[in-house]
Amino acid sequence: MPTIVIPPLRRLLQRWGVHPDSHKYPAAGLDIEDAGLPDMLRLPLSQHVGAPAKVIVEVGERVLRGQLIASTGGKISAPLHAPTSGTIVAIDEAVVPHPAALTDVAIHLRPDGLDEWIPLKSELYPINLSEREISDRVEDAGIVGMGGASFPSAVKLSLGHRSKVTTLMLNGSECEPYLSCDDRLMQENAHAIIEGARLILKATGATRVLAGIEDNKPEAILAMKLAAKPFPEVHIVKIPSRYPMGADRQLIKMLTGIEAPADGRAADVGVLVHNVGTAYAVYRALRYGEPLTERVVTVAGGAVSAPRNLRVRLGTPMAYLFERCGGLRVPPARVVSGGPMMGIGVQNLDTPVVKGTSGVLALAAAEVGEREASACIRCGSCVEACPVGLLPLEMAARIHANALGEAEEIGLDDCLTCGACGFICPSRIPLVQYFQHAKGELASRSREQKRLDTIKELTEAKAARIEREAREKAEIHARRKAERERAQAAEAAAKAARAAEKETEA
Ligand code: SF4
Ligand code: SF4
């Protein structure tokens, strides 16, 4: 296997990003443990980008682990499977991981403790399956991007084919502080991840795998290199530890030097990015026939008594995971679903683990470190930190002045809302909150504009229809009148002819 290393010049030229304290230990140093089963699992129908899954079970029904309980809801969607055997007790609103603490429809499943699987279709050599079969089984297994993006994986595979990608990029960077689920997964299941990557490679028609792993995970790099050794098409590349290295565009730029367009997809530059957890799920689905019913989650933060990585059934409430980690030693100042930089703040500990949940954090007051913001000192640190070369201070100033259009003109759309600028800001200006607010506001304005455009279109179409119908009516009326007049004229002429005939005979 030829070794690929990042050229020193590329490392030097790419100086974006920040270096937050990693806080990865002690969880990163401990084996993954099974979280067991809580009393109740709540499975939201929207655990992925796209249309919600459609419920196909009824309240009172007994289901088995792996049984389909909600089918694909549209072209971009993913099905949902029971994470254990038990009874469906409700199909109702439940709290979900959402920035605005919204609720959503969820299937409530009470486990029966038997954990009985449906019959599974295993495949000794899944690599011999056709591209189509691989893609179909990934779709049937309900696999979505496990790094947090939650984009349906089968849709991404078909994208790869359509766009003729040449490189599959395996994202093992895990740059968010605290999180170590991917690190542990690579250390403990490297073989399965590499096999999963080879299956994705076959399904997309790409020719090589570049797996980028940050240099703060030496054991994972070693394990992945050993597992990849027999496969010359798979390259394990050590990349610098820096936040947000795990963003697709940053990873592509670091590994290949290629700049992916901000408004395009990675596939547009011949690259497809999948998380290592996704590759693992693909392997399990194809080798053992297992639909996605669980994932590895980092449970950590200064308020957690015994942080660790747990194998967790989807739908498990966060409170249960904290209990499994020895409980909370102090009341948390902030609870987060995901990482501390880009994760979602959680108000209710009943919030369930979903397919994209990589971490469940309970941060102590000292870790949150909220301070009053002061005036910008124009130090330029935020500009240096921004991975996409934006001017965060300028964008924030325009948003502050409610000039959202101007903020868009100078790059708001390209902002990843990664939080690197706010993290580095000595004045503690909540820059990313400005950008999240502005993006939300612009999205709702765009939705409103679309609604108004639709109403306008419908109104115009209705007016045009009324006008057309009136015109058609008038034309029919005119035609009938002309026909009537023609008939009357003909009758008058015939009458006159008959009268003339009579006169001649007389
Ligand atoms: S880092 Fe903060 S203080 Fe420095 S220029 Fe940016 S916004 Fe201003
Ligand atoms: S939040 Fe946006 S502006 Fe700030 S560093 Fe990240 S990409 Fe740049």
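The rules behind the values
- For every chain, the first residue of its written sequence is number 1, and the numbers climb from 1 along that sequence.
- Each chain gets a letter, beginning with A, and each ligand a number, beginning with 1, in the order they are written.
- Local features are withheld for residues below a pLDDT of 70 in this predicted model, meaning they are given only at 70 or higher, and side-chain atom pairs are given and counted only at 80 or more; totals for whole chains, interfaces and linings count all residues.
- Note that water and hydrogens are dropped before the side-chain values are worked out from all heavy atoms of the structure.
- UniProt positions are given in the numbering used here, feature names are shortened, and annotations may be inferred rather than shown by experiment.
- Any residue with a heavy atom positioned within 4 Å of a molecule or strand is treated as near that molecule or strand.
- Cavities and pockets are defined on a 1 Å grid built over the protein atoms alone: a cavity is a set of grid points where a 1.4 Å probe fits but cannot escape, while a pocket is an open set with protein on both sides within 12 Å along at least five of seven lines, and lining residues are those with an atom within 4 Å of any such point.
- Think of it this way: a molecule belongs to a cavity or pocket when more than half its atoms come within 2 Å of the grid points there.
- Numbering of helices and strands runs from the N terminus; a helix is a DSSP stretch of H or I covering at least four residues, while a strand is a stretch of E covering at least two.
- Note that Gly is not counted as nonpolar here; it falls among the polar residues with everything else outside the nonpolar set of Ala, Val, Leu, Ile, Met, Phe, Trp, Tyr, Cys and Pro and the charged set of Asp, Glu, Lys and Arg.
- Candidates for patches are residues over 30% relative accessible area with no salt bridge; among them, like charges are joined within 9 Å and nonpolar side chains (Val, Leu, Ile, Met, Phe, Trp, Tyr) within 5 Å.
- Surface exposure here means Shrake-Rupley accessible area, sampled with a 1.4 Å probe, where a residue is shielded only by the protein chains that are shown.
- The working definition used for a salt bridge is a side-chain nitrogen of Lys or Arg within 4 Å of a carboxyl oxygen of Asp or Glu.
- Charged residues are defined narrowly, with Lys and Arg counted positive, Asp and Glu counted negative, and His plus the chain ends left uncounted.
- Taken as the charge location is NZ of Lys, CZ of Arg, CG of Asp or CD of Glu.
- When DSSP finds at least two bridges between two strands, those strands are taken to pair.
- By definition in these notes, contact holds between two residues if any of their heavy atoms fall within 4.5 Å.
- Helix axes are fitted only over the stretch in contact, all axes being lines through C-alpha atoms; the angle between N-to-C directions runs from 0 to 180 degrees.
- Burial classification: accessible surface area is computed with a 1.4 Å probe over protein chains only, and a residue below 20% of its type maximum counts as buried, one above 50% as exposed, and the rest as partly exposed.
- Grid points are joined across faces, edges and corners, and a volume is the space filled by probe spheres set on the points.
- In plain words, nonpolar cores are sets of buried Ala, Val, Leu, Ile, Met, Phe, Trp, Tyr and Cys residues tied together by side-chain atoms within 4.5 Å.

The name given to the protein chain in an unreviewed UniProt entry is Ion-translocating oxidoreductase complex subunit C, with Uliginosibacterium aquaticum as the source organism. Per UniProt, the protein chain has the following entry under Subcellular location (unreviewed entry): "Cell inner membrane". The UniProt entry for the protein chain carries the following text under Function (unreviewed entry): "Part of a membrane-bound complex that couples electron transfer with translocation of ions across the membrane."

*Asks:* Please explain the site of ligand 2 as it appears in this structure.
*Replies:* In the vicinity of ligand 2 lie 13 residues, with C386, C415, L416, C418 and C421 positioned nearest. Here ligand 2 occupies the largest cavity. Listed by contribution, the elements that provide at least two residues to the shell around ligand 2 are α11 (392-400) and α13 (420-424). A per-class count over the shell around ligand 2 returns 11 nonpolar, two polar and no charged.

*Asks:* Hey, could you run me through a positive patch on the surface in this one?
*Replies:* A contiguous patch of positive charge on the surface is contributed by R479, R480, K481 and R484. Note that R479 resides in helix α14 (residues 431-505).

*Asks:* Please explain the sheet that holds strand β1 (residues 33-34) as it appears in this structure.
*Replies:* Across the sheet, six strands lie side by side as β1-β14-β13-β17-β15-β16; this open sheet has mixed pairing. The open sheet has two edge strands with one neighbour each: β1 and β16 (344-346). In this structure, β1 lies alongside strand β14 (residues 308-313), joined through two bridges in parallel fashion. Bridge pairing in β14 links D34 to R311. Against the sheet, helix α4 (residues 181-204) engages β13 (294-300) and β14, with an angle of about 125° to β13.

*Asks:* How do you make sense of the UniProt feature "binding site: [4Fe-4S] cluster 2" (unreviewed entry) in the protein chain when you look at a structure like this?
*Replies:* According to UniProt, the feature "binding site: [4Fe-4S] cluster 2" (unreviewed entry) maps to C386, C415, C418 and C421 in the numbering used here. The annotated residues occupy 36 residues of the chain but converge on a single region, no pair of C-alpha atoms lying more than 10.6 Å apart. Lining the largest cavity, from this annotated set, are C386, C415, C418 and C421. Mapped onto the elements of the fold, C415 is located in the loop between α12 (404-409) and α13. Assessed through its relative accessible area of 13%, C415 is described here as buried. If sequence neighbours within four positions are ignored, C415 has contacts with L390, M395, F435 and K439.

*Asks:* What is the right way to read the sheet that holds strand β3 (residues 54-55) from this model?
*Replies:* Sheet strands pair by backbone hydrogen bonding; their relative direction is either parallel or antiparallel. Across the sheet, which stays open at both edges, the three strands sit in the order β3-β5-β6 with antiparallel pairing between neighbours. Only two strands of the sheet have a single neighbouring strand rather than two, namely β3 and β6 (80-81). Where strand β5 (residues 68-71) and β6 come together, two bridges link them in antiparallel fashion. Across the sheet, residue L68 finds its bridge partner in β6, namely H81.

*Asks:* Teacher, can you tell me more about helix α6 (residues 248-256) here?
*Replies:* One turn of the α-helix equals 3.6 residues, which is why residues spaced by three or four share an orientation. By the criterion of burial, α6 is predominantly enclosed, with eight of the nine residues buried. What α6 keeps buried is the set R249, Q250, L251, I252, K253, M254, L255 and T256. Looking at the residues trailing α6, positive phi occurs at G257, about 80°.

*Asks:* Would you take a moment to explain empty space enclosed by the protein for this structure?
*Replies:* To find leftover empty space, a probe the size of one water molecule is rolled over the atoms. A full pass over the atoms with the stated rule returns one cavity of 30 Å³ or more. As a volume, the largest cavity reaches approximately 70 Å³. Along the wall of the largest cavity there are 15 residues; nearest its centre are C386, C415, C418, C421 and F435. At the level of secondary structure, the elements contributing two or more residues to the lining of the largest cavity comprise α11, α13 and α14.

*Asks:* Explain the nonpolar core here, please?
*Replies:* One recurring pattern in soluble globular proteins: nonpolar side chains tend to sit buried together. The biggest cluster of nonpolar side chains holds 63 residues, and the ones touching the most others in it are L170, I193, M224 and I236. The leading source of residues in this core is α4, at 12 residues. Non-local contacts of M224, meaning those with residues more than four positions away in its chain, are made with L170, M186, A190, I193, I194, I213, I236 and V276.

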